[in-house]
Amino acid sequence: MRVEPDRGPRLPALVLFGLVSLAVSGPAGAHGAPDADNVPAGVIKASITEQPGIPGLSTLILDAPRPGILLSYRGNEPITILGTEGEAFLRFSPDRVEAHTGSASWQALPEATAPRTASTEAGAWITLSNSNSFGWLDPRLNALEGAHGDAGEFAQWRIPIRSESGPVRHLRGELSFESYSTAP
């Protein structure tokens, strides 16, 4: 015995309910989005203006609500990214990336979630990646964080990089503030 589902008067009722729902959502949506507090007036855009000229080093800006930076290194000798206070911050090798736990720049990052001990305060190197790449939200790329107003606000940034056999070189760039358009 085969039982067929009853498709009688329910199908037209469901279709009618769907059409009414669509018709009601239009006027309700016409009132716009609800008001929100602390909405930024715009976005900070970062760009690289000068590469440090270190063989094997590749850099890329991570375009997000707060700009970040991604470094990849395929060179022969380790390089060290210096922090905001000139301290050893990150060390890149062809096969890993390490952070210096005593670095004020490292301790300010969200990634630095490990509990602080006497040895980490003094500064130990911990492995962040077993590859040659790492990305982070460097505070130097957020210098316009408090910008509220005029489009065209502008700042420069630089990140010093030290190699074992050469001078300190710099990765340089610019920040600009772009306000959101309120025009339709």
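Before reading further, recall that the structure is shown in the block above.
None of the values given here were measured: they were computed from a predicted structure.

1. A short note on the packing of aromatic side chains
- Within this structure, the stated rule accounts for three aromatic pairs.
- With a centroid separation of 6.4 Å and 45° between ring planes, the pair formed by Phe92 and Trp136 is classed as tilted. Remark: Trp136 occurs in strand 8 (residues 133-136) and Phe92 occurs in strand 5 (residues 88-93); sequence separation between them is 44 residues.
- Owing to a relative accessible area of 0%, Phe92 belongs among the buried residues under this scheme.
- Judged by relative accessible area, Trp136 falls into the buried class, the value being 2%.
- Here Phe134 and Trp136 contribute two aromatic rings whose centre-to-centre distance is 6.1 Å and whose plane-to-plane angle is 15°, an arrangement assigned as stacked.
- Ring-pair connections join several aromatic residues into one group, and the members of that group are Phe89, Phe92, Phe134 and Trp136.

2. What about the sheet that holds strand 4 (residues 79-82)?
- A sheet is described by the order of its strands in space; here seven strands give the open sequence 1-10-9-4-5-6-7, paired in antiparallel fashion. The sheet terminates laterally at strand 1 (42-50) and strand 7 (125-129), the two strands that pair on one side only. Taken pair by pair, the neighbouring strands of this sheet meet at an average axis angle of 30°, ignoring direction.
- Relative to strand 7, strand 6 (residues 96-100) runs antiparallel, the two sharing four bridges. The residue of strand 7 that forms the bridge with Val97 is Ser129.

3. What to know about the sheet that holds strand 3 (residues 68-73)
- Pairing is antiparallel across the open sheet formed by three strands, whose spatial order is 2-3-8. Each edge of the sheet is formed by a strand with only one pairing partner; in this case those strands are strand 2 (57-62) and strand 8. For this sheet, the mean angle separating the axes of adjacent strands, direction not counted, is 15°.
- In terms of strand pairing, strand 3 meets strand 8 through four bridges, oriented antiparallel. Note that in strand 8 the partner of Ile69 across the bridge is Trp136.

4. Concerning the pairing of strand 5
- Bridge count between strand 4 and strand 5: four bridges; the pairing is antiparallel. Its bridge partner being in strand 5, Ile79 is matched across the sheet by Phe92.
- Between strand 4 and the antiparallel strand that follows it, strand 5, lie five residues; Gly86 among them carries a positive phi value of about 80°.
- Pairing geometry for strand 5 and strand 6, over four bridges, is antiparallel. Paired with Phe92 across the two strands is Val97, which belongs to strand 6.
- Hairpin connection from strand 5 to strand 6: two residues lie between these consecutive antiparallel strands.

5. Remarks on the nonpolar core
- Judged by nonpolar contacts, the single largest core of 28 residues is most densely connected at Ile81, Phe92, Trp136 and Trp157.
- For this core, the element with the highest residue contribution is strand 9 (residues 154-163), accounting for four residues.
- Other than its neighbours up to four places away in sequence, Phe92 contacts Leu71, Tyr73, Pro78, Ile79, Ile81, Val97, Asn132, Ser133, Phe134 and Trp136.

6. Quick look at the pairing of strand 3
- Buried residues dominate strand 3, accounting for five of its six residues.
- Examined bridge by bridge, strand 2 and strand 3 share six bridges and lie antiparallel to one another. Bridge pairing in strand 3 links Ile61 to Ile69.
- The antiparallel hairpin formed by strand 2 and strand 3 contains five residues in its connecting segment.

The rules behind the values
Residues numbered from 1 in each chain as written. Predicted model: local features only at pLDDT ≥ 70, side-chain atom pairs only at ≥ 80, totals over all residues. Heavy atoms only, no water. Phe/Tyr/Trp six-rings, centres within 6.5 Å; stacked < 30°, edge-to-face > 60°. Helix = DSSP H or I, 4+ residues; strand = E, 2+ residues; numbered from the N terminus. Buried < 20%, exposed > 50% of the residue type's maximum accessible area, 1.4 Å probe, protein only. Pairing = 2+ DSSP bridges. Axes fitted to C-alpha atoms, helices over the stretch in contact; angles between N-to-C directions. Core = buried A, V, L, I, M, F, W, Y, C linked by side-chain atoms within 4.5 Å. Contact = heavy atoms within 4.5 Å.

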